[in-house]
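Examining the three-dimensional arrangement
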Amino acid sequence: MAAIATSKDKAVQFIAKLLRLTQTGAIEWSVGPSPHDTDEIAFTASIEERMVRLYQFNEEVRTVTTWDDADTMLSIRPNSEKRITRSTALDVLSDGYVAYTFKNQAGLSDLYDSVAYAASKVEDLMDAVLAKA
Amino acid sequence: MWWDLWGYLSPIADWASLPSLVVSGLALFEITRLRRHIIDRVRLPVLVASLRKHGKNFADHLKSYESPEGRQEFSLEIAKCETNLRLVRTKISRTGRQRADELLKLIKGYRASDATGDQTEAAWRIYTDLNGLLEELKNFVAEQRMGA
C-alpha cells in the first residue's frame, strides 16, 4: 500500500482517524449553525488547536447521460441531467475563515452519522428512557 | 479452354475461406470483448455503490466492535464485501486492481486469525483501505461515464 500512497490516502486516513476518535469519545463535537442553510446544523470541534466544522447540504449536480452529434462532427454536445445530491463537507477553519474543505471524501458521511449520533447524545437519552420504571 | 479453369476454382475457394475464417474469429473475439466491456460499464457503478454500503456498515459495526456481537457483524460484513470486491477487481484499472488485491490480502489475514487476539487495528485498516479504494474508483467511474 505504501507504494501507491498519495495525499488522497492521507485524507482518507485522517477522516477514518476522526471517526475512530469520535467513536471513542476522544473528540467532543458541539452543535452550531450550518454555513449553507439556516435550517440545518453543523458540528464543530477543536482538534490540535484548530477548529473543524462538519455539515451536510443539498447540492445540484449535472451528470452527462448521453452525447449528441451537433451540427458538425467537431461539435459534440453532452446531454446532461440535473440531480440534487446530499453532500458532506469538513471545513478546516483558520481565524473563523474556511482555510480548506474536504468534500465528499470517502468516509466523510460515515463520520457525519457518527458525529450526529455522538453530539445529539442519543445514547444518554435512550439509557435515561430505558431506566424509567 | 476456360472450362479447364473450373477445376482450379475449388482449391482457390478452399484457400480463400481460410482468411475469412481468421477474420470471422477476430470479429467474434472483438464482439465478445465489446459485450464484456459494455456489461462491465453498466455493472461497475452498482458494485461500487454496494462497496460504499459495506464501508458504511463497517463504520457502524466498528462502533460496537468491543462486543462479541459487533465483531461477529463485522466478520459477516467482511464476507459480503469480499465477494463484491472480487467482482469489482476484474473491471477496474491496474492501480485500482492493485488496491483491491491489497485489501483482499488484508481481509484474508483478518479471517485467518479471526478468533485469535485483538483484531481492532486490522478492522480499522480494512475500513480505511476500503475508503482509499472507493476514492480511486470515484474517478474511474466518472471517467467511464464521460466515455473516456
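Residues numbered from 1 in each chain as written. Chains lettered and ligands numbered in written order. Predicted model: local features only at pLDDT ≥ 70, side-chain atom pairs only at ≥ 80, totals over all residues. Heavy atoms only, no water.

1. Observations regarding the overall build of chain B
The secondary structure content of chain B amounts to four helices and zero strands. Secondary structure elements in chain B, listed N-terminal to C-terminal, are α-α-α-α. Relative to its length of 148 residues, chain B is extended, with a C-alpha radius of gyration of 26 Å against a globular reference of 15 Å. Taken along the three principal axes of its C-alpha coordinates, chain B extends 95 × 35 × 20 Å. Considering chain B as a whole, with its 148 residues, one finds that 34% of them fall into the buried category. (Helix = DSSP H or I, 4+ residues; strand = E, 2+ residues; numbered from the N terminus. Rg over C-alpha atoms; globule rule 2.2 N^0.38 Å. Buried < 20%, exposed > 50% of the residue type's maximum accessible area, 1.4 Å probe, protein only.)

2. What about the overall build of chain A?
Helices and strands together make up the secondary structure of chain A, namely three helices and five strands. Secondary structure elements in chain A, listed N-terminal to C-terminal, are α-β-β-β-β-β-α-α. Taking the intrachain contacts of chain A between residues at least 6 apart in sequence as the baseline, contacts between residues at least 24 apart amount to 44%. Summed over its atoms, the accessible surface of chain A is roughly 8,500 Å², and 53% of this surface lies on carbon and sulfur atoms. (Contact = heavy atoms within 4.5 Å. Areas by Shrake-Rupley, 256 points an atom, 1.4 Å probe, with all protein chains shown as cover.)

3. Here we look at the interface of chain B and chain A
If you look at the interface, chain B gives 24 residues, while chain A gives 23 residues. In total, about 2,100 Å² of surface goes out of reach between chain B and chain A, with carbon and sulfur atoms giving 54% of it. The three residues of chain B that bury the most area against chain A are Arg99(B), Trp124(B) and Glu135(B), which together make up 28% of that side's buried surface. Here chain B and chain A share four salt bridges between them. (Buried area = accessible area lost by both parts, 1.4 Å probe. Salt bridge = Lys/Arg side-chain N within 4 Å of Asp/Glu carboxyl O.)

4. Overview of the pattern of salt bridges
In the structure shown here, the tally under the stated rule is 15 salt bridges over all chains. Across the salt bridge formed by Glu121(B) and Arg20(A), the nearest N and O atoms sit 2.8 Å from each other. Here Glu121(B), found in helix α4 (residues 120-145), pairs with Arg20(A), found in helix α1 (residues 7-23), and the two come from separate chains. By relative accessible area, which is 53% here, Glu121(B) ends up exposed. In this structure, Asp110(A) engages Lys56(B) in a salt bridge whose closest nitrogen and oxygen atoms are separated by 3.0 Å. Here Asp110(A) is found in helix α2 (residues 108-119), whereas its partner Lys56(B) is found in helix α1 (residues 6-63) on a different chain.

5. Some details on unusual backbone geometry
Residue and element names in this part refer to chain A. Despite not being glycine, Glu 49 shows a phi value in the positive range, around 65°. Assignment of secondary structure puts Glu 49 in the loop between β2 (41-47) and β3 (50-69). Accessibility expressed as a relative area gives 81% for Glu 49, which makes it exposed. With a phi close to 50°, Asn 104 is a non-glycine residue in the positive phi region.

6. A closer look at the confidence of the model for chain B
Summarising the model, chain B shows a mean pLDDT of 88, and 94% of its residues fall at 70 or more. Under the prediction, the complex receives an ipTM of 0.79, its pTM being 0.79. (pLDDT = per-residue confidence, 0-100.)

7. Some words on a nonpolar patch on the surface
Residues and elements named next belong to chain B. Side chains of Leu 5, Tyr 8 and Ile 12 sit close together on the surface and give an oily, nonpolar patch of about 360 Å² of accessible area. With respect to the helices, strands and loops of the structure, Ile 12 is situated in helix α1. Residue class for Ile 12 comes out exposed when judged on its relative accessible area of 53%. (Patch = residues over 30% accessible without salt bridge, like charges linked within 9 Å, V, L, I, M, F, W, Y side chains within 5 Å.)

8. A look at the packing of aromatic side chains
Under the criterion given, the structure shown has eight aromatic pairs over all chains. Ring centres of Phe43(A) and Tyr112(A) lie 5.5 Å apart, and the angle between their planes is 65°; this geometry places the pair in the edge-to-face category. Of this pair, Phe43(A) sits in strand β2 while Tyr112(A) sits in helix α2, and the two are 69 residues apart along the sequence. Residues Phe43(A) and Tyr112(A) agree in their burial class; the two are buried. Seen in terms of ring centroids, Tyr65(B) and Phe74(B) are 5.5 Å apart; in terms of plane orientation they differ by 85°. Their pairing is edge-to-face. Residues Tyr65(B) and Phe74(B) agree in their burial class; the two are buried. Through successive ring pairs, a cluster of aromatic residues spans Phe58(B), Tyr65(B), Phe74(B) and Tyr110(B). One cation-aromatic arrangement involves Lys63(B) over Tyr117(A); the distance from NZ or CZ to the ring centre is 4.4 Å. (Phe/Tyr/Trp six-rings, centres within 6.5 Å; stacked < 30°, edge-to-face > 60°. Lys NZ or Arg CZ within 6 Å of the ring centre and 35° of its normal.)

9. Concerning the nonpolar core
The biggest cluster of nonpolar side chains holds 50 residues, and the ones touching the most others in it are Trp29(A) and Leu51(B). Residue contributions to this core peak at 10 residues, all from α4(B). (Core = buried A, V, L, I, M, F, W, Y, C linked by side-chain atoms within 4.5 Å.)

10. Let's talk about α2(A)
All names here are of chain A. Compared with an ideal rise of 1.5 Å per residue, which puts 12 residues at 16 Å, α2 spans 16 Å between its outermost C-alpha atoms and is within 8% of the ideal. Every buried residue of α2 is accounted for by Leu 108, Asp 110, Leu 111, Tyr 112, Ser 114, Val 115 and Ala 119. Of the residues flanking the end of α2, it is Lys 121, one or two places downstream, whose phi is positive at about 50°. (Expected span 1.5 Å × (residues − 1).)

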